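This is what each chain is made of:
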Amino acid sequence: MVFVLDKQKKPLMPCTPRRARLLLTRKRAVVHRLSPFTIRLKDRSVRESALQPVVLKIDPGSKTTGLALARVEATEEGEVHHGLHLAELIHRGEEVRERLRKRTGYRRRRRSANLRYRPPRFLNRRRAPGWLPPSLRSRMGNVLTWAGRYQHWVPMVRIDVERVKFDTMLLQNPEIAGIAYQRGELLGWEVRSYLLEKFQRRCVYCSREQVVFELDHVRPRSRGGSDQVSNLVLACHACNEQKGNQTAAEFGHPEVEEDARKPLKDAAAMNATRYALCEALRSLDVPITTWSGGRTRWNRDRFGVEKAHCLDALCVGELARAKSGRHRTMAITAMGRGRYSRTNVNDSGFPTGYLMRTKQIMGIKTGDRVRAVVPAGFAAHGTHTGRIAVRANRQFRLGKVQGIPARFCRVLQLADGFDYAIVETALHV
Ligand SMILES: [Zn+2]
């Protein structure tokens, strides 16, 4: 779908690419932005337009966050969510962590080389309450940035976020625990999500990972074992079958019985970043509802949706049906906006070279989306479109193509800290 703005740059309902093309050729609209493609109508204001409620749905992840914009249709069974836009936001948390770790190394070297006689100072740093590591703050910032951008492009009425992996309240309710955790029920999915976290996605008997897990009763039901969560563990199919009618201790794993009785600590259930994200999203002045991962998995199973970050996002929250429509997914990769440090150093922390003092070369900076039409006779001849990397010698790099002369480059979209690509997602419903 194409985002549509009115003449005052207020959001209208997104339209199909076909309609956008018509509006553009009839000169009723202009291109407002390339990625994601947004047009601005020249003759319409939001007051003359009928808007439908759009909800932003977020499935936060450590490497990739799923984002989905859906039109809400209220029916008797509940809300039906029609996907308008699907995106995967790829974070650079690991890179942030790695760069800071390196910086620590360089500083440590300089300290020991230059200030050997200074008395040691340590344990003299204080962290503000609510402090988050920079890598996590970067992830949080990415999501917040995009929620804010979407707010400018669609009439957003609500944000649905998956805040916890499982609903602790539901699991701890003694009236519910012990009955109906079966597959297909919401509680069953909450229990499964809980056990996946508790046993760190491993078979408790053989420690295998990346297999389909089954719920295993430590003491089998046929021998009086209960359906309580404290009697359930994760096992792979092979182990579960082999164990059969034995208790875990008889199967040779007495430690499993003990592990199963220990509840998962609340701290592990409560992800600090997700919590901080929800707090930060409140600054956008849009109502926020928070949900559990168990519910997302339950919805995905009910609707028969494939596993993908953006489709997971579409399944967040309380809804009767989700229809993703025939959209391709946009991959949004966080690229950063350059760095302050002007010194390049080698692995041992010794300076090897110095970077430019200015960011722009002939009005172009690294990260700008550029079209370069290089005539024949140059090594990099041909037409190139994409994210440019500028060089002081005016020979730029675009992807794997080196030596693109700056004078042949035309900026299509200014750098905004992200790179964009369209990816094919698995089958949609
Ligand atoms: Zn196993």
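Each residue is numbered by its place in its chain's sequence as written, counting from 1. Only residues with pLDDT of at least 70 are given local features in this predicted model, and only at 80 or more are side-chain atom pairs given and counted; all residues enter the totals for whole chains, interfaces and linings. For side-chain calculations, the full set of non-hydrogen atoms in the structure is used, while hydrogens and water are omitted.

K.L.:
I keep staring at the sheet that holds strand β21 (residues 409-413) and nothing clicks. Help me out?
P.N.:
Consider a sheet: its strands pair through backbone hydrogen bonds, and that pairing is either parallel or antiparallel. If you trace the five strands from one edge of the open sheet to the other, you get β20-β19-β18-β17-β21, paired in antiparallel fashion. This sheet does not close on itself; its edge strands, each paired only once, are β20 (401-405) and β21. Sheet twist, expressed as the average angle between the axes of neighbouring strands with direction ignored, equals 50°. By the convention used here, strands pair only if DSSP detects at least 2 bridges between them. The helix and strand labels rest on DSSP assignments: H or I over at least four residues marks a helix, E over at least two residues marks a strand, and numbering proceeds from the N terminus. An axis is simply a line fitted to the C-alpha atoms; with a helix, the fit covers only the stretch in contact. Between two such axes, the angle follows the N-to-C directions and lies from 0 to 180 degrees.

K.L.:
Sorry, what's going on with the packing of helix α2 (residues 93-114) against helix α3 (residues 134-153) here?
P.N.:
When two helices pack together, their arrangement is captured by the angle between the axes and the distance separating the axes. Across the interface, α2 lies against α3 with an axial gap of 8 Å and an inter-helix angle of 150°. Classified by the angle their axes make, α2 and α3 are roughly antiparallel. In this structure, α2 crosses over α3, and the sense of that crossing is right-handed. Across from G93, E94, V96, R97 and L100 in α2, the residues of α3 making contact are P134, S135, S138 and R139. For classification purposes, an angle smaller than 35 degrees is called roughly parallel, one larger than 145 roughly antiparallel, one from 65 to 115 roughly perpendicular, and anything else oblique. In this scheme the handedness of a crossing depends on how the near helix is turned from the far one: anticlockwise by less than a right angle means left-handed, clockwise means right-handed. Working rule for contacts: check all heavy atoms of both residues, and any pair within 4.5 Å makes them a contact.

K.L.:
What exactly am I supposed to notice about the coordination of the zinc ion here?
P.N.:
When four donors bind a metal tetrahedrally, each ideal donor-metal-donor angle is 109.5 degrees, and when six bind octahedrally, the ideal angles are 90 or 180 degrees. Each metal's donors comprise the N, O and S atoms found within 2.8 Å of it (within 3.2 Å for Na, K or Ca). Water is not part of the atom list, so some coordination spheres may appear incomplete. Protein coordination of the zinc ion is provided by C203 (SG), C206 (SG), C236 (SG) and C239 (SG), with donor distances spanning 2.2 to 2.3 Å. Considering all four donor atoms around the zinc ion, angles at the metal cover 103 to 114° and the coordination shape is tetrahedral. Each donor residue of the zinc ion lies on the same chain, and together they follow the pattern C-x2-C-x29-C-x2-C. Taken as a pair, C203 in the loop between α5 (186-198) and β8 (213-217) and C239 in helix α6 (residues 237-243) lie far apart in primary sequence, 36 residues in all. Taken individually, C203 and C239 each receive the classification buried, so the pair is uniform in this respect. Angular criteria define each label, namely tetrahedral for four donors with all angles between 85 and 135 degrees, square planar for four and octahedral for six donors with opposite donors over 155 degrees apart and remaining angles between 65 and 115, and irregular for whatever fails these tests. Between buried and exposed lies partly exposed: a residue is buried under 20% and exposed over 50% of the maximum accessible area for its type, with that area taken using a 1.4 Å probe on protein chains only.

K.L.:
Help me understand the pairing of strand β18 (residues 382-389), please; the structure alone is not making it clear to me.
P.N.:
The side chains of a regular strand alternate, residue by residue, between the two faces of the sheet. Of the strand pairs in this sheet, strand β17 (residues 369-374) and β18 are connected by six bridges, and their pairing is antiparallel. What sits directly across from V370, in β18, is G386. Direction of pairing for β18 relative to strand β19 (residues 395-398): antiparallel, over a ladder of two bridges. Bridge pairing links A389 to R397 in β19. The loop that links β18 with its antiparallel partner β19 comprises five residues; one of these, R394, has a positive phi angle of about 65°.

K.L.:
For this particular structure, what's the right way to read the packing of aromatic side chains?
P.N.:
Remark: the centre distance and the inter-plane angle together describe each pair of aromatic rings, the angle taken between the planes. Two aromatic rings, drawn from Phe, Tyr or Trp (for Trp, its six-membered ring), form a pair once their centres lie within 6.5 Å of each other, and the interplanar angle then sorts them: stacked below 30 degrees, edge-to-face above 60, tilted otherwise. This model, assessed by the stated rule, comprises nine aromatic pairs. Judged by centre distance (6.1 Å) and plane angle (55°), the rings of F3 and Y150 are tilted. You can see F3 sitting in strand β1 (residues 3-5) and its partner Y150 sitting in helix α3, a full 147 residues away along the chain. For the pair F3 and Y150, one class covers both residues: buried. Three or more aromatic residues joined by ring pairs form one cluster here, namely F3, W146, Y150, W153, F418 and Y420. For a ring to carry a charge above it, either NZ of a lysine or CZ of an arginine must fall within 6 Å of the ring centroid while also lying within 35 degrees of the normal to the ring plane. One cation-aromatic arrangement involves R127 over W131; the distance from NZ or CZ to the ring centre is 3.8 Å. Over the ring of W146 we find R149; its NZ or CZ atom is 4.8 Å from the centre of that ring.

K.L.:
Help me understand the nonpolar core in this model?
P.N.:
If you look at soluble globular proteins, the nonpolar side chains tend to sit buried side by side. To form a nonpolar core, buried Ala, Val, Leu, Ile, Met, Phe, Trp, Tyr and Cys residues must be joined to one another through side-chain atoms within 4.5 Å. One finds W146, Y150, I159, L281 and I332 to be the most contacted residues of the largest nonpolar core, which totals 36 residues. Sorting elements by how many residues they give to this core places α3 first, with seven residues. The residues contacting L281, other than those within four sequence positions of it, are I58, L144, A147, I159, V161 and I288. Counting 24 residues, the second largest nonpolar core, distinct from the first, contains F166, L187, L232 and A260.

K.L.:
Would you take a moment to explain helix α10 (residues 293-303) for this structure?
P.N.:
Because the α-helix completes a turn every 3.6 residues, residues three or four places apart line up on one side. Here α10 lies mainly inside the structure; eight of its eleven residues are buried. In the core, the buried residues of α10 are packed alongside β7 (156-164), α5, β10 (288-292), α11 (309-314) and β11 (321-323). A positive phi of about 65° marks G304, the residue just after α10.

K.L.:
Honestly, the packing of α5 against α10 in this entry has me stumped. Any pointers?
P.N.:
Interaxial distance between α5 and α10 falls to 8 Å at its minimum, and their mutual angle equals 125°. By the criterion of interaxial angle, the relationship of α5 to α10 is oblique. Handedness of the crossing formed by α5 with α10: right-handed. Mapping the contact onto sequence places L186, W189, E190, S193 and L196 in α5 and G293, G294, R295, R297, W298 and D301 in α10. The classification used treats Ala, Val, Leu, Ile, Met, Phe, Trp, Tyr, Cys and Pro as nonpolar, Asp, Glu, Lys and Arg as charged, and all other residues, Gly among them, as polar. Taken together, the residues of the contact of α5 with α10 break down into four nonpolar, three polar and four charged.

K.L.:
What exactly am I supposed to notice about the sheet that holds strand β2 (residues 29-33) here?
P.N.:
The strand order across the open sheet built from three strands is β1-β3-β2, with neighbouring strands paired in mixed fashion. At either margin of the open sheet sits one strand with a lone partner, and together these are β1 and β2. Put simply, the sheet's adjacent strands are angled 35° from each other on average, direction ignored. Across four bridges, the pairing between β2 and strand β3 (residues 38-41) is antiparallel. Among the inter-strand pairings, V31 is bridged to a residue of β3, identified as I39.

K.L.:
Quick question: what am I supposed to make of empty space enclosed by the protein here?
P.N.:
Any empty space left between atoms is shown by rolling a water-sized probe over those atoms. A pocket, in this scheme, is an open set of points on a 1 Å grid over the protein atoms alone with protein on both sides within 12 Å along at least 5 of 7 lines, while a cavity is a set where a 1.4 Å probe fits but cannot get out; residues line either one if an atom lies within 4 Å of a point. Grid points are joined across faces, edges and corners, and a volume is the space filled by probe spheres set on the points. Applying the stated rule across the entire model yields two cavities of 30 Å³ or more. Taken as a whole, the largest cavity encloses approximately 70 Å³ of empty space. Lining the largest cavity are G367, D368, R369, R387, Q413, L414, A415, D416, F418, D419 and Y420. In terms of residue count, the dominant contributor to the lining of the largest cavity is strand β22 (residues 418-423) (three residues). Tallied by class, residues from the lining of the largest cavity come to four nonpolar, two polar and five charged.

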